[in-house]
Amino acid sequence: MTMSKRYHASFLPGGDSPVDEAISQKLLSFALEKGGDYADLYFEFSVNGSYSYDEGILKAAGRSLSSGLGVRVMKGDATGYAYVEDLSFEAMKHAAQTAAQIAAEGGYAGSVALKANAIPQRYKVETLSLDVDNLSKRDLLRRADEAARAADSKVIQVQASLSEELREILIATSDGKFVHDSQPLLRFSVSAIVEKGKLRQSGSSGGGGRVGLDYFKDKSPEWHGKEAVRCALAMLEAKEAPAGEFQVVLAPGDSGVLLHEAVGHGLEADFNRKKTSNYTDSVGKQVASDLCTVVDDATLMNSRGSINVDDEGNLPEQALLIEKGVLRGYMHDRHSSAFFKSKATGNGRRESFKSHPMPRMTNTLLLNGPHDPEEIVSSVQYGVYAKRFGGGQVDISNGDFVFSLTESYLIEDGKITAPLKGVNLIGNGPDVMRKVVMLGNDMQVSDGIWTCGKDGQSVPVGVGCPTTKISAVTVGGTEVGARS
């Protein structure tokens, strides 16, 4: 486990107010004194740093720290929650007794003895970025800026940023778990604007994950700077997109965000417990093309969505969601796994100690199919090649979506041809999954840029997919009357 040399949580051994099994046991006893069925303690210490480089200078740098305890008590379907930033014993006791009020009836249920749990090591890094001097990080941003400006004379503006985080968590539960994890996170991004006459276009590149600055050994700041310019130049003289229903080929990697938003949320068990998902009561049924196998995999080394332990103390593995088109299960937190009488999948996540956990994705992936990517593109007479996704809107409950593309191309007679602008993909996630007619053998995982929002809480996630051909998707372009 990678620990910071500079920052240390007060509740860990060696801190100002260390919390051990005995203290946790006392607090859990207070949490259950009104008769709750279950209680857990979530200690969190987080450090965040950010750097912004604009117009050739470091424009902004910041750092913040937060620390606190969240106490959850469950009684049947009811949940009591309280949190405190003051980690003195009296303050923590008060938070535990406040959460306990959800169960104002019944006797003391007690808790089992706590035992420290071993966890996997899925994001071991040599040196945390937070332990590296600020000048080194400014130099990374400068290198990206200079590489972007040198890439083409049409570049008129470059911005680069780096954000970093370390999150120390300690979880104690009334069913005996006592587990600590140290979670690093880093994100690097570059955006560039190019100009030619009256035309102006932006492009971007970014990456990261649960990594340190060793991330740049494989993908340098210069690479990201040049890639941002390449994207902008590629789209600078793009033609208007066709409008209508067309065959669409999704590029591998970041296109997985469509799967995440339009399908993945519907497979989170809380929506199915409440019967508000398209996938409610569909386990065992055909819900997608038989080419499609979808997993949520927290085990990928150093990926942005990977976790050693979820925020309820459960060890996540690879959760099989859809197998050859058949729905096999949902992503669970403790509440939903009890409701469905199934094993917790390790998907109970939360934004911070101030928030209660709920079923959330980690790295959600559409696995490889049998087709060669070139064979997929060559099979399309007229359609759209979707390479990069921008913003979008999704109705989580039914999977209806509208996504804008930041880089896309026309496919004509089996070849990728003109760049397109103003492309929106409009459809329904479950419907699209049934229309997958070819699936590549080139699955890629996104390079650490995505953050998922749900019920006001944000968590880092990963997405991934192979080259994917969909037989028909509505393209919201502006050129009406193009052939289909």
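Located above this text is the structure these notes cover.
As a starting point, this report considers the structure included with it. Just so you know, these numbers come straight off a predicted model, no measurement behind them.

This part is about unusual backbone geometry. For Asn302, which is not glycine, the phi dihedral falls at a positive 65°. Among the secondary structure elements, Asn302 is positioned in the loop between β10 (294-297) and β11 (318-323). Of note in the backbone geometry, Lys341 takes a positive phi value of approximately 55° without being a glycine. Among the structural elements, Lys341 can be located in the loop between α7 (334-340) and β13 (348-349).

As a further point, take the pairing of strand β6 (residues 177-196). Burial runs high along β6: 15 of the 20 residues are buried. By the bridge criterion, two bridges tie strand β4 (residues 115-116) to β6 in an arrangement that is parallel. By the bridge assignment, Ala116 is partnered in β6 with Phe178. In this structure, the hairpin formed by strand β5 (residues 155-173) and β6 is closed by a connection of three residues, where Gly176 is found at a positive phi of approximately 105°. With eleven bridges connecting them, β6 and strand β7 (residues 199-209) associate as antiparallel partners. Bridged to Phe188 within β7 is Gly207. What sits between β6 and β7 in their antiparallel hairpin is a turn of two residues, with Gly197 showing a positive phi close to 60°.

We now examine the side chain of His265. Relative to the helices and strands, His265 is located in the loop between α5 (256-264) and α6 (269-273). For His265, a relative accessible area of 0% translates into the label buried. With near-sequence residues (within four places) excluded, His265 lies in contact with His260, Phe271, Met361, Ile396, Cys452, Gly453 and Lys454.

Before going further, it helps to spend a moment on the packing of aromatic side chains. Throughout the structure, instances matching the rule amount to ten aromatic pairs. Ring centres 5.0 Å apart and planes at 80° place the aromatic pair Phe339 and Phe340 in the edge-to-face group. In this structure Phe339 comes out as partly exposed when scored by relative accessible area, which is 44%. An angle of 85° between the planes, with centres 5.7 Å apart, marks the rings of Phe389 and Phe403 as edge-to-face.

Remark: the empty space left among the atoms is shown by a probe the size of a water molecule rolled over them. Here the largest pocket is characterised by a volume of approximately 820 Å³. Every element with two or more residues in the lining of the largest pocket is listed here: β1 (38-54), β5, β6, β7, α4 (221-236), β16 (382-394), β17 (400-412) and β21 (444-445). A per-element tally of the lining of the largest pocket places β7 first, with six residues. In terms of residue class, the lining of the largest pocket is made up of twelve nonpolar, 17 polar and ten charged. Considered as a void within the structure, the second largest pocket measures approximately 300 Å³ in volume. Lining the second largest pocket are 18 residues, with Glu165, Arg167, Glu351, Ser458 and Pro460 positioned closest to its centre. Of all the secondary structure elements, the ones that give two or more residues to the lining of the second largest pocket are β1, β5, β6 and β23 (457-460).

Once that is clear, we can look at the nonpolar core. Ranked by internal contacts, the top residues of the largest apolar core, which has 33 residues, are Phe11, Leu41, Phe43, Leu69, Val71 and Met92. Among the secondary structure elements, those contributing two or more residues to this core are α1 (21-31), β1, β2 (57-75), β3 (78-84), α2 (89-100) and β5. Every residue in contact with Leu41, bar those within four places of it in the chain, is listed here: Ser24, Leu27, Leu28, Leu69, Gly70, Val71, Leu170, Ile171 and Ala172.

With mixed pairing, six strands are arranged side by side in an open sheet as β12-β11-β10-β15-β24-β21. Strands with a single pairing partner mark the edges of an open sheet, and in this sheet they are β12 (326-327) and β21. Docked against the sheet, α5 engages β10, β15 (363-366) and β24 (462-465), running at close to 115° with respect to β24.

Conventions we followed
Residues numbered from 1 in each chain as written. Predicted model: local features only at pLDDT ≥ 70, side-chain atom pairs only at ≥ 80, totals over all residues. Heavy atoms only, no water. Helix = DSSP H or I, 4+ residues; strand = E, 2+ residues; numbered from the N terminus. Buried < 20%, exposed > 50% of the residue type's maximum accessible area, 1.4 Å probe, protein only. Pairing = 2+ DSSP bridges. Contact = heavy atoms within 4.5 Å. Phe/Tyr/Trp six-rings, centres within 6.5 Å; stacked < 30°, edge-to-face > 60°. 1 Å grid on protein atoms, 1.4 Å probe; cavity = no way out; pocket = protein on both sides within 12 Å on 5 of 7 lines; lining within 4 Å. Points joined across faces, edges and corners; volume = space filled by probe spheres on them. Nonpolar A, V, L, I, M, F, W, Y, C, P; charged D, E, K, R; others polar. Core = buried A, V, L, I, M, F, W, Y, C linked by side-chain atoms within 4.5 Å. Axes fitted to C-alpha atoms, helices over the stretch in contact; angles between N-to-C directions.

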